[in-house]
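Each chain is listed here by its residues.
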Amino acid sequence: MVKSTNLKINRRRFMKGAVGTAAAITAAPMIAKGLTRQAKADYKPGTIRLLGGASTLIPGDWTQFEKDTGLKMEFSLLKDDPGVFFNDVMVNDAGSRYDIISMLAGVQGPLVEGDWIIPIDKSRIPNWAGVEPGVKSNPQLTGMESDVLWGVPMYMNADTFGYFPELLNEPRPPEEVSWNLVFDNEKTLGQSAVGDNFYTLTFAAAYMKYHNLATIDKPENMTASEVAAVADYMIERKKAGQFRTYWSTFDDQISNFVNGETLAQVCWEPAVKESRKQGADIEYAWTPEFYIKWMAAGFIPVQAEDRGNLDEIYAAFDWFCGGAYGALLGPLRGYATPRPDLALEWAKEREYTEDKIEAISDNLDKLKFKYSNPLFWFLAVPDTLKEHEREMARFMNT
């Protein structure tokens, strides 16, 4: 099997830091090559069993998928956490129970290393041909020095932050506003918010890189010294009183907006949509500095090679790269899918309402403008994960 050169991760080190089960995880390859890899025994003809790290990949329900493909969908939700995901794949043998396993693109390094997934045959996904080159070549899918495709993008976004344009006297999209509203602005002093996980340091690093506040090569994959410098900066901003609070969950994000706790907050786009429904006049920022570009990808577990249902798996992937999925998911979540052009065609043919057409069109703009920004494709598992976690703890506890 071709080995990925993306994410040079020591699996033992990562899992010890991520979930505290180093012994079990590092033993997983030996276990899996024994009795637990049951490929054919768990095959369910005519059914796709999908393990996903977020409920936001569901397009309302699976009715259209089942109508278009003739396949049943069984979806199981896993916590959106790479450590939990690796544990389920490497220890609990998820590949014997699921046909597609989905998580943030970029997690595949250890999976490739241990032969847990197989390369994607692009020729078996007809809709792949029209995917934007910038998405096709995403190193989170192919590997930093390889053109082997390990995952199929299912949905993606270019995240930023939510803000109150009227209260802050700031323009609305597509006019750009600066990330300083989150990190360093008198108008939001004491009324901005960031997450309480180490990803916050990644976002701050991109801000510092753009504004020449520190020498940082790759914000998404910092060295130990770079992480420490970012934590120092964030501690300075914390002591200056910049941050009102630190959210942990999606519901926290919504609550902070709706209750008026924050004027600017790093958040997921669906949090802005939900907060608007509850009366908050907020926008999701277009910025000059950077976007947190991420995608959720689907991977094929190695057990599927012997199970005999690869045709069904590729039919499912083609649907995720097609028009129906994008037309259903775009208005619901604000997320782009691999072929928003097909989504727009699908929606117009079915005479979607103007607001839904606009939401789908917005995703075409994202691909054209937001995804062209060089900063940055999000990396779920940086090489210096332990240092990231340690420095984030220092920031939170100072």
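Above this text you will find the structure in question.
Nothing here was measured: the structure is a model prediction, and the numbers come from that model.

### Considerations on the sheet that holds strand S8 (residues 243-247)
Strand pairing within a sheet occurs via backbone hydrogen bonds; the two strands may be parallel or antiparallel.
Move 1: With mixed pairing, the five strands of this open sheet are ordered in space as S8-S7-S9-S6-S10. Unpaired on one side and paired on the other, S8 and strand S10 (283-284) mark the two borders of the sheet.
Move 2: Of the pairings in the sheet, the one linking strand S6 (residues 161-163) to S10 comprises two bridges and is antiparallel in character. Bridge assignment links Tyr163 to a residue of S10, and that residue is Glu283.

### Observations concerning the nonpolar core
Move 1: Counting residues in each nonpolar core, the largest one holds 125 residues, and the members touching the most others are Tyr155 and Phe183.
Move 2: Each of domain 1 (47-157 + 293-352) and domain 2 (161-290 + 377-397) contributes no fewer than three residues to this core.
Move 3: Once residues within four sequence positions are removed from consideration, Tyr155 is found in contact with Ala54, Thr56, Leu57, Trp294, Met295, Ala296, Tyr325, Leu329, Tyr335, Ala336 and Thr337.

### Description of the environment of Lys136
Move 1: As for its position among the elements, Lys136 is in helix H6 (residues 133-136).
Move 2: Measuring from C-alpha to C-alpha, the distance between Lys136 and Val152 comes to 9.1 Å, with 16 residues separating the pair along the chain.
Move 3: With residues near it in sequence (within four places) discarded, Lys136 still touches Trp128, Ala129, Val131 and Thr142.

### Thoughts on the packing of aromatic side chains
Move 1: On inspection of all chains with the given rule, the structure shows 30 aromatic pairs.
Move 2: Aromatic side chains Tyr155 and Tyr335 sit 5.3 Å apart centroid to centroid with 15 degrees between the ring planes, which places their arrangement in the stacked category. Here the residue Tyr155 occupies a position in strand S5 (residues 152-159), and Tyr335 occupies one in the loop between helix H16 (323-333) and helix H17 (340-349), the gap between them amounting to 180 residues. Note on accessibility: Tyr155 and Tyr335 belong to one class, buried.
Move 3: Considering the side-chain rings of Trp319 and Tyr325, the 5.3 Å spacing of their centres and the 45 degrees angle between planes classify their relative orientation as tilted. Comparing Trp319 with Tyr325 shows no difference in burial state: the two are buried.
Move 4: In textbook terms, an aromatic cluster arises when at least three aromatic residues are bridged by ring pairs, as seen for Phe161, Tyr163, Trp179, Phe183, Tyr207, Phe290 and Phe376.
Move 5: Above the ring of Phe395, the side-chain terminus of Lys238 is found at 5.4 Å from the ring centroid.

### Description of the packing of H16 against helix H18 (residues 354-368)
Move 1: Put simply, H16 and H18 touch, their axes get as near as 8 Å, and they point 100 degrees apart. Viewed along their axes, H16 and H18 adopt a mutual orientation that is roughly perpendicular. Facing H16, whose interface residues are Gly326, Ala327, Gly330 and Pro331, H18 presents Lys356, Ala359, Ile360 and Asn363.
Move 2: When its residues are assigned to classes, the contact of H16 with H18 shows four nonpolar, three polar and one charged.

### Observations regarding the pairing of strand S7 (residues 192-195)
Move 1: The alternating pattern of S7 places Ser192 and Val194 on one face and Ala193 and Gly195 on the opposite face, and all of these are buried.
Move 2: One ladder, built from four bridges, connects S7 with S8; its direction is parallel. In the strand pairing of S8, Val194 is matched with Tyr246.
Move 3: Where S7 meets strand S9 (residues 264-266), two bridges bridge the pair, whose relative direction is parallel. Bridge assignment links Ser192 to a residue of S9, and that residue is Ala264.

### Remarks on unusual backbone geometry
Move 1: Residue Pro174 is bonded to the preceding Pro173 through a cis peptide linkage, with omega at 10 degrees.
Move 2: Within the element layout of this structure, Pro174 appears in the loop between helix H8 (165-168) and helix H9 (180-183).
Move 3: Cis peptide bonds are those with omega within 30 degrees of zero, and the linkage from Leu375 to Phe376 qualifies with -10 degrees.
Move 4: Looking at where Phe376 falls in the secondary structure, it is placed in the loop between H18 and helix H19 (385-397).

### Observations concerning H16
Move 1: Within the sequence span of H16, burial applies to Gly323, Ala324, Tyr325, Gly326, Ala327, Leu329 and Gly330.
Move 2: The positive-phi residue at the C-terminal boundary of H16 is Gly334, with phi of around 85 degrees.

### Let's talk about H19
Move 1: Counted at 1.5 Å a residue, the expected span for H19 with its 13 residues is 18 Å, and the 18 Å between its end C-alpha atoms agrees.
Move 2: Buried within H19 we find Leu385, His388, Glu391, Met392 and Phe395. End-on, the buried residues of H19 take up no more than an arc of 130 degrees, which puts them together on one face.

Calculation criteria
Residues numbered from 1 in each chain as written. Predicted model: local features only at pLDDT ≥ 70, side-chain atom pairs only at ≥ 80, totals over all residues. Heavy atoms only, no water. Pairing = 2+ DSSP bridges. Helix = DSSP H or I, 4+ residues; strand = E, 2+ residues; numbered from the N terminus. Core = buried A, V, L, I, M, F, W, Y, C linked by side-chain atoms within 4.5 Å. Buried < 20%, exposed > 50% of the residue type's maximum accessible area, 1.4 Å probe, protein only. Domains from an automatic or database assignment. Contact = heavy atoms within 4.5 Å. Phe/Tyr/Trp six-rings, centres within 6.5 Å; stacked < 30°, edge-to-face > 60°. Lys NZ or Arg CZ within 6 Å of the ring centre and 35° of its normal. Axes fitted to C-alpha atoms, helices over the stretch in contact; angles between N-to-C directions. Parallel < 35°, antiparallel > 145°, perpendicular 65-115°, else oblique. Nonpolar A, V, L, I, M, F, W, Y, C, P; charged D, E, K, R; others polar. Expected span 1.5 Å × (residues − 1). Arc of directions from axis to C-beta.

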